[in-house]
Amino acid sequence: MYTDKVIDQFQNPRNVGELDNADGVGEVGSPACGDIMKMYLKIEDGVIVDVKFKTFGCGAAVATSSIATEMIKGKTLEEAEKLTNSMVIDELGGLPHEKVHCSVLAEQAIKAAIKDYKSKHGIQE
Amino acid sequence: MQRRYFDYAATTPLDSEVLNEMLPHMKENFGNPSSVYSYGRDARKVIDDSREKVASIIGAQAKEIYFTSGGTESDNWAIKGTAFANKDKGNHIITTTVEHHAVLHTCKYLEKHGYEVTYLPVDEYGLIDLDDLKNSIRENTILITVMFANNEIGTIQPIAEIGKIAKENKVLFHTDAVQALGSVDIDVKDLGVDLMSISGHKIYGPKGIGALYVRKGVKIDNLIHGGAQEKKKRGGTENTPAIAGFAKACEMAQSTLTDQIKQATELRDYMIKGILDSIPEVKLNGHPEKRLPGNVNVSIRYIEGESILLSLDLIGIAASSGSACTSGSLDPSHVLLAIGLSHEIAHGSLRFSIGKYTTKEEVDFVLDKLPGIIQRLRDMSPLYNA
Amino acid sequence: MQRRYFDYAATTPLDSEVLNEMLPHMKENFGNPSSVYSYGRDARKVIDDSREKVASIIGAQAKEIYFTSGGTESDNWAIKGTAFANKDKGNHIITTTVEHHAVLHTCKYLEKHGYEVTYLPVDEYGLIDLDDLKNSIRENTILITVMFANNEIGTIQPIAEIGKIAKENKVLFHTDAVQALGSVDIDVKDLGVDLMSISGHKIYGPKGIGALYVRKGVKIDNLIHGGAQEKKKRGGTENTPAIAGFAKACEMAQSTLTDQIKQATELRDYMIKGILDSIPEVKLNGHPEKRLPGNVNVSIRYIEGESILLSLDLIGIAASSGSACTSGSLDPSHVLLAIGLSHEIAHGSLRFSIGKYTTKEEVDFVLDKLPGIIQRLRDMSPLYNA
Ligand SMILES: Cc1ncc(COP(=O)(O)O)c(C=O)c1O
Ligand SMILES: Cc1ncc(COP(=O)(O)O)c(C=O)c1O
Ligand code: FES
Ligand code: FES
């Protein structure tokens, strides 16, 4: 049911962990399944220079968070904010229907981390 | 990759002796047992003999056994059939919060059709309280349905005691023994059971076949109306190969029961000890002794069941997280919630079920690999602080 | 003794290609399709592919096919499921007097539960009258259930016309196509059918498996509640081997349909002519043209069906007297009474059903032996004056 790419991201997740001096931290939970995702961003001049994540969730949740961190690393905040769960799913080569909601977590966690950064730095939305 | 199967509670491989018993009835002896002549007569005899064998494993008489398409149909039939047939006596049913969905969803359906259902809670081990049961019985109670052994956590209920209470109160007693069959010594007469559901594919028999034991004299409406098969109680052309296979599986299970129980219990306790000893913050679910010989169910804090299953699968180990039937849904298992686990911990639980082909080598393989997998996943978890 | 089988309408032998398709799923690929990982995934794929194949033979979409334990369950589900789900719309059902017991007994049951049922009569050929049908439709009619082809006399109803009437009146239309499958070209969309019952063991597939076609959008209650299988519409661990076998049987039936119809029709007409030409006072039952390609049904005056069957059986010929399902009862077939036969004549009728393994040699054997058997029995009959 999972693509090879999902399995690879699950088995060898990129950017797992925490950032001690993160500029923005986002934590979201899925109301559907009770799973949790935490995203840490290091931001310099409006660019995401480092990102880490931690996930309590299924295989799809781990794989989507992992690939999402890859997709936003080195991107500007505006670019990162445009990331959607369907872009993440496409990048993974698809997800089973009943696992689509898991990919929403990654999108939301990134948005939450950026929001946290902006509020800490007094940047208006 | 070598596969190691630890999901015998979900389904079992067909025993090759069972298959050999089925094959002749698929090819030459294919006749319709309801037809009058030789093709049919041969099939009829197979069905009669099979009924004897299936009856024997639960201490019933052949004429009290009705073949169905499986455990789910048996559960539906037992509950709806007695509920509809006893509508004049009352509309109250007692069950538990930890039943299989075949029972729970049937009860929910009846609630929509004018029946009242009491769902007895269970303690932290998954056991119901007998006083609770007694206090729940009312004037209008027509049926008690309590499962013999739980499919997720393996807890075995005090069936004989429930049977006694049911009898004293003149209420019918159904038990879903799908998981108990072949793992527990069962005698419907001793246990005071009026109706019992069993299924073929959990005991190395074929899928798509089961039976309902209906004690002589019990009034029950049909669930599936049709031809004159099964003494007019269940229509449909008889599935002779599956019936023959089910009977063979029962016969084999019965003759090896004591050894099977011993072997599975040893492996189970070895596996439980191994997991609890090597992984911190792990909890055994279900009762330590009153449990199915093949059931290992543990909650592993801070991580989620599906990702453990996936990691195990990638090295060839098939296990389950709660019931296989629940995996279509996202909710954590209703059984784990019923024994008082939080959502988060219920999500991190794992069932290994041991069967007759399980070896110590296979268990050792799991015990060797599991701690590393758990550690890797915990390191990814926002809930875990090493 | 060489056996000659003329009871394909009761059940068919399993095709060996079908068996080969089933075997791998009984042994290695035995996993529970509801479990998440490899064992389960393989089984899941088999079920998905099978659903496509079964859908294809009746022109449905895969997601409109729900697997059941056979034709009887499908009939029960279609009728009770739509009756219960549409209770707010009405409580009137229209069917015919010649349906299989799976339909008739289900309707009788619903009559006890507050539903009203109209049983449309049939003419001497077994056909319903379309004006009759139209006039029977009321404000509160929720379902029309008319069989595609009759299992005893082979008569094929005007399904497309019934579908049109049902649609015009916004009433659901179910058809029991158990006998039609593999013998008639079926397209549910062209026919305007909302629900259709089919079964595996009538088309050289396994016993214990069938399907219900439920057109997208049709509201239906579950008959068998349980796990999340079959999109939560039918609980029970999926019978993967039987599902794979059923799909293979459908695929084979579909690819050879035109040839099968031609071959069976030729043998049928040859057999009918042979019987009518060689035995006096014999009458063909059912419609001369609008009949199943494999169905031969004749009434033989002055003698009784069971004694003919027994005589045939003693020389290795398996035939049937009315439906195999009725043989548990002593009443003459309700179908033969419905087409206007007297009790006496109905009792003396015989069905030969022809299938894909039937040869001209076998038919000639029957044609050679039957006149002598009839004469011998007539000579014993007090009703016969030669
Ligand atoms: C017309 C018809 N409907 C329903 C059935 C029942 O099918 P099954 O034997 O698969 O339950 C049969 C055959 O027995 C039949 O001929
Ligand atoms: C306790 C229990 N009851 C009922 C069932 C349903 O049995 P079946 O799969 O034969 O329909 C199962 C297994 O799925 C079970 O474990
Ligand atoms: S994150 Fe909860 S099921 Fe995937
Ligand atoms: S004489 Fe035997 S059934 Fe009528």
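The shown structure was predicted, so the numbers you read here are calculated from the model rather than taken from an experiment.

## Here's the deal with the overall build of chain B
A tally of helices and strands in chain B yields 13 helices and 12 strands. In terms of C-alpha radius of gyration, chain B reaches 21 Å, essentially the compact-globule figure of 21 Å for 386 residues. Based on the C-alpha atoms only, the size of chain B along its principal axes is roughly 70 × 55 × 35 Å. For chain B, restricting intrachain contacts to residue pairs at least 6 apart in sequence, the fraction spanning at least 24 positions comes to 74%. A total of about 13200 Å² of accessible surface is found on chain B, and carbon and sulfur atoms cover 50% of it.

## A word on the packing of aromatic side chains
Considering all chains together, one arrives at 16 aromatic pairs over all chains under this definition. Taking 6.2 Å as the distance between ring centres and 55° as the angle between the ring planes, the aromatic pair formed by Tyr8 of chain C and Tyr204 of chain C counts as tilted. On the criterion of sequence distance, the pair formed by Tyr8 of chain C in the loop between strand E1 (4-5) and helix H1 (16-26) and Tyr204 of chain C in the loop between strand E7 (195-199) and strand E8 (210-214) is long-range, its members being 196 residues apart. Residue classification places Tyr8 of chain C among the buried residues on the basis of a relative accessible area of 8%. Between the aromatic rings of Tyr302 of chain C and Tyr384 of chain C, the centroid separation amounts to 5.3 Å while the plane-to-plane angle is 50°, which identifies the pairing as tilted. Taken together, the positions of Tyr302 of chain C in the loop between strand E10 (295-300) and helix H9 (305-314) and Tyr384 of chain C in the segment after helix H12 (360-380) put the pair 82 residues apart, joining distant regions of the chain. The same class applies to Tyr302 of chain C and to Tyr384 of chain C, which are both buried. Each residue in the set Tyr5, Tyr8, Tyr204 and Tyr357 of chain B is aromatic and connected to the rest through ring pairs, giving one cluster.

## Quick notes on the interface of chain A and chain B
Listed by partner, the interface residues are 23 residues for chain A and 20 residues for chain B. Buried area between chain A and chain B, both sides added, is near 1800 Å², and the carbon and sulfur share of it is 67%. A per-residue breakdown of the area chain A buries against chain B is headed by Phe10, Lys54 and Phe56 of chain A, which together make up 35% of the total. There are 1 salt bridge connecting chain A and chain B. Across the pair Lys99 of chain A and Glu306 of chain B runs a salt bridge whose closest N-O atoms are separated by 3.1 Å. Here chain A and chain B share 8 residue pairs in polar contact (both at pLDDT 80 or more) between them. Here the side of chain A that touches chain B is built from residues that sort into 13 nonpolar, 5 polar and 5 charged.

## A word on the sheet that holds strand E9 (residues 282-284) of chain B
All names here are of chain B. Taken in spatial order, the 3 strands make up an open sheet running E9-E10-E12, and their pairing is antiparallel. Among the strands making up the open sheet, the edge pair consists of E9 and strand E12 (349-353). For this sheet, the mean angle separating the axes of adjacent strands, direction not counted, is 25°. Contacting strand E10 (295-300) and E12, helix H10 (residues 305-314) runs over the sheet at an angle of about 45° to E12.

## Notes on the interface of chain C and chain B
By a widely used convention, the size of an interface equals the accessible area lost when the partners come together. Across the boundary between the two partners, chain C contributes 68 residues, which contact 67 residues of chain B. A salt bridge links Arg3 of chain C to Asp42 of chain B, with the nearest nitrogen and oxygen atoms 2.8 Å apart. Going through the elements one at a time, E1, H1, helix H2 (38-57), helix H3 (71-85), helix H4 (101-112), helix H8 (240-278) and H9 of chain C are the ones with two or more residues in the side of chain C that touches chain B. In terms of residue class, the side of chain C that touches chain B is made up of 24 nonpolar, 29 polar and 15 charged.

## Section: the site of ligand 2
In the vicinity of ligand 2 there are 15 residues, among which Thr72, Asp176, Ser199 and Lys202 of chain B together with Thr237 of chain C approach most closely. Contact distances for ligand 2 include 2.6 Å between an oxygen atom and a side-chain N or O atom of Thr72 of chain B. Taking Thr237 of chain C, its side chain carries an N or O atom lying 2.5 Å from an oxygen atom of ligand 2. Here ligand 2 loses 97% of its free accessible area of 390 Å² to cover by the protein chains. With 3 residues, the top contributor of residues to the shell around ligand 2 is helix H3 (residues 71-85) of chain B. Looking at the shell around ligand 2 residue by residue, the classes come out as 2 nonpolar, 10 polar and 3 charged.

## Focus: unusual backbone geometry
Residue and element names in this part refer to chain C. Backbone geometry at Lys170 places phi at a positive 55°, although glycine is not the residue there. Positionally, Lys170 belongs in the loop between helix H6 (159-168) and strand E6 (172-176). A positive phi angle, near 65°, is found at Lys232, a position not held by glycine. Along the chain, Lys232 falls in the loop between E8 and H8. Its relative accessible area of 52% is what places Lys232 among the exposed residues.

## Brief notes about the side chain of Glu64 of chain B
Positionally, Glu64 of chain B belongs in the loop between helix H2 (38-57) and strand E2 (65-68). Apart from the residues lying within four places of it in its own chain, the contact partners of Glu64 of chain B are Lys189, Leu212, Tyr213, Val214, Arg215 and Lys216 of chain B.

## Some words on the sheet that holds strand E2 (residues 36-44) of chain A
All names here are of chain A. Strand order in the open sheet made by the 3 strands is E1-E2-E3, with antiparallel pairing throughout. Each edge of the sheet is formed by a strand with only one pairing partner; in this case those strands are strand E1 (24-29) and strand E3 (47-56). Each strand axis lies, on average, 15° off the axis of its neighbour in the sheet, ignoring direction. Sitting on the sheet, helix H5 (residues 100-120) is in contact with E1 and E2, with an inclination near 140° to E1.

What counts, and at which threshold
Residues numbered from 1 in each chain as written. Chains lettered and ligands numbered in written order. Predicted model: local features only at pLDDT ≥ 70, side-chain atom pairs only at ≥ 80, totals over all residues. Heavy atoms only, no water. Helix = DSSP H or I, 4+ residues; strand = E, 2+ residues; numbered from the N terminus. Rg over C-alpha atoms; globule rule 2.2 N^0.38 Å. Contact = heavy atoms within 4.5 Å. Areas by Shrake-Rupley, 256 points an atom, 1.4 Å probe, with all protein chains shown as cover. Phe/Tyr/Trp six-rings, centres within 6.5 Å; stacked < 30°, edge-to-face > 60°. Buried < 20%, exposed > 50% of the residue type's maximum accessible area, 1.4 Å probe, protein only. Buried area = accessible area lost by both parts, 1.4 Å probe. Salt bridge = Lys/Arg side-chain N within 4 Å of Asp/Glu carboxyl O. Polar contact = N/O pair within 3.5 Å; in protein donor to acceptor, adjacent residues only side chain to side chain. Nonpolar A, V, L, I, M, F, W, Y, C, P; charged D, E, K, R; others polar. Pairing = 2+ DSSP bridges. Axes fitted to C-alpha atoms, helices over the stretch in contact; angles between N-to-C directions. Near = heavy atom within 4 Å.

The values reported here are purely geometric and, on their own, carry no functional implication.
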